[in-house]
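# Notes for the structure review
Chain by chain, the residues run as shown.
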Amino acid sequence: MNGTMRAVRGHRRGGPEELVCEGAPKPVPGHGDVLVEVRAASVTAGELDWDATWTDGLDGGGPRLPAVPSKEVSGVVAELGHGVTDLRTGQAVYGLIPFTRDGAAAEYVTVPAAVLAAKPGSLDHERTAALPLAGLTAWQGLVDHAGVVPGQRVLVHGGAGGVGSLAVQIADALGAGVTATASARDADFVRGLGADTVIDHAGRRFEDEVEDVDVVLDTVGGDTLARSWQVLRPGGVLVGVAEPPTAPEGADVRAVFFVVEPDRAGLEELTALVEAGRLVPQVDRILPLEDTPSAYAALEREHRRGKIVLRVS
Ligand SMILES: NC(=O)c1ccc[n+]([C@@H]2O[C@H](COP(=O)([O-])OP(=O)(O)OC[C@H]3O[C@@H](n4cnc5c(N)ncnc54)[C@H](OP(=O)(O)O)[C@@H]3O)[C@@H](O)[C@H]2O)c1
């Protein structure tokens, strides 16, 4: 018996109302895993609707209950599983936890060592926890899927959000010219992240103001996604993360949808940007672990800039 811990768990699939902070067995690291003592975790819009939050498959699968949410962790390695040679006990690490495993809304979580990276030395655990899921989504979207190069024009939809606030900074750091859509009240905030132009999504039509864009990164979906094809240059690419885009028939554009993957090398790229002063994770608020249900409820109904973070210890 490895002891007990405090954890936030859902005993059946549902919304924030199903989550309870309670005693739970402390997990035991399997082969290739490490046990992480969680210092901070963060939550993502839509997470409680994903199959993988409650099952052992990305798209359906058998139930995995009770389930611990929150896939972004920053903490300290407490114990090494068999076969782990590249991390050490006491090391500060961060990462995106694979979606079909229990998350970090708990005092301890087991994570495959291969997906963890050393925590950026210049950030505290709370800011670090705001980075892995949103940052890897932005990095993989802009670099791995869109192949952004210096001088290109990038349009980021939802520039003040968890993913968007990092995507604006990363696109700027890659040398692209950045336009973002956001609420009017977030315009100065998003300009401060590196956007050359910010378009109020409620008051203006972005398609009247931008054209010949090389890459659209869409974190919004719906009508915003549907209206985005017309602003792309021929050969341009639309990367959607909120919902799969379908390019209009015959259009000379590329449509990409992907689900972010845990990725140590990607985290190391993010860390390098952080240490170079080019990337600052945006934290809207920090809540204690027992307020995890309110954190998920706030994602559904409150305006935010960046991420909501859970302070665990
Ligand atoms: N596929 C993947 O791997 C992946 C990874 C991460 C996230 N996601 C998904 O991507 C979406 C975004 O995630 P997130 O964590 O960045 O969410 P978020 O923090 O809620 O950010 C969304 C942003 O979009 C803004 N927005 C809303 N309507 C808009 C519109 N019509 N035009 C422009 N901006 C608008 C919101 O601003 P206001 O608050 O002012 O409305 C908010 O700042 C979610 O659906 C999430 O589940 C997918």
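Just so you know, these numbers come straight off a predicted model, no measurement behind them. Along each chain, residue indices are assigned from 1 in the same order as the chain's sequence is written. In keeping with the predicted nature of the model, local features appear solely for residues at pLDDT of at least 70, side-chain atom pairs appear and are counted solely at 80 or more, and the whole-chain, interface and lining totals rest on all residues.

### Re helix 3 (residues 132–145)
Formally: Comment: burial labels come from other C-beta atoms within 10 Å of the residue's own C-beta, placed from the backbone, where a count of 20 or more is buried, 12 or fewer is exposed, and between is partly exposed. Per the convention used, a helix needs a DSSP run of H or I reaching at least four residues, while a strand needs a run of E reaching at least two, with both numbered from the N terminus.
Burial analysis of helix 3 places 10 of its 14 residues in the buried class, the great majority of the element. For helix 3, the full list of buried residues reads P132, L133, A134, G135, L136, T137, A138, W139, G141 and L142. Once helix 3 ends, the next one or two residues include G147, with phi positive near 60 degrees.

### Some thoughts on unusual backbone geometry
The linkage connecting L65 with the following residue, P66, adopts the cis geometry, with an omega of -10 degrees. The phi angle at S70 is positive, at roughly 85 degrees, despite the residue not being glycine. Within the secondary structure, S70 is located in the loop between helix 1 (51–54) and strand 4 (72–80). The backbone of D212 shows a phi angle near 55 degrees, a positive value even though the residue is not glycine. Along the chain, D212 falls in the loop between strand 10 (197–200) and strand 11 (213–218).

### Some points on the domain arrangement of the protein
Definition in use: These domain boundaries are the output of an automatic or database domain assignment. Placing a C-beta atom from the backbone of each residue, one calls two residues in contact when those atoms lie within 7 Å. Under the scheme applied, nonpolar residues are Ala, Val, Leu, Ile, Met, Phe, Trp, Tyr, Cys and Pro; charged residues are Asp, Glu, Lys and Arg; polar residues are all the others, including Gly.
According to the domain assignment, the protein consists of domain 1 (4–131 + 281–311) and domain 2 (134–257). Its C-alpha centre places domain 1 at a distance of 28 Å from the equivalent point of domain 2. In this assembly, 9 residues from domain 1 lie in contact with 9 residues from domain 2. Considered class by class, the residues forming the side of domain 1 that touches domain 2 number 4 nonpolar, 3 polar and 2 charged.

### Section: the packing of helix 3 against helix 7 (residues 264–275)
The test is simple: A fitted line through C-alpha atoms serves as each axis, taken over the contacting stretch for helices, and the angle formed by two N-to-C directions is quoted from 0 to 180°. Oblique is the label for any angle not covered by the other classes, which are roughly parallel (under 35 degrees), roughly antiparallel (over 145) and roughly perpendicular (65 to 115).
In the contact formed by helix 3 and helix 7, the axes pass within 10 Å of each other and the chain directions differ by 95 degrees. Between helix 3 and helix 7, the angle falls in the class roughly perpendicular. Contacts between helix 3 and helix 7 pair P132, G135, L136, W139 and Q140 from the former with G266, L267, E269 and L270 from the latter. Here the residues of the contact of helix 3 with helix 7 are counted per class, giving 5 nonpolar, 3 polar and 1 charged.

### Thoughts on the packing of helix 3 against helix 4 (residues 162–173)
So the rule is basically this: A crossing counts as left-handed when the near helix is turned anticlockwise from the far one by less than a right angle, and as right-handed when that turn is clockwise.
Helix 4 packs onto helix 3 with a crossing angle of 50 degrees between their chain directions and a minimal axis gap of 8 Å. Taken as axis vectors, helix 3 and helix 4 run oblique relative to one another. In the packing of helix 3 onto helix 4, the handedness of the crossing is right-handed. Here helix 3 contributes A134, G135, T137, A138, W139, G141 and L142 to the contact with helix 4, which in turn contributes G162, V163, L166, A167, I170 and A171. Of the residues contributing to the contact of helix 3 with helix 4, the split by class is 9 nonpolar, 4 polar and no charged.

### Examining helix 4
We apply this condition: Helices are assigned an expected span. That span is 1.5 Å times one less than the residue count.
For helix 4, built from 12 residues, the straight-helix expectation of 16 Å at 1.5 Å per residue is met to within 8% by its first-to-last C-alpha distance of 17 Å. The element helix 4 is extensively covered by neighbouring structure, given that 10 of its 12 residues are classed as buried. Just beyond helix 4, the residue with positive phi is G175, at close to 95 degrees.

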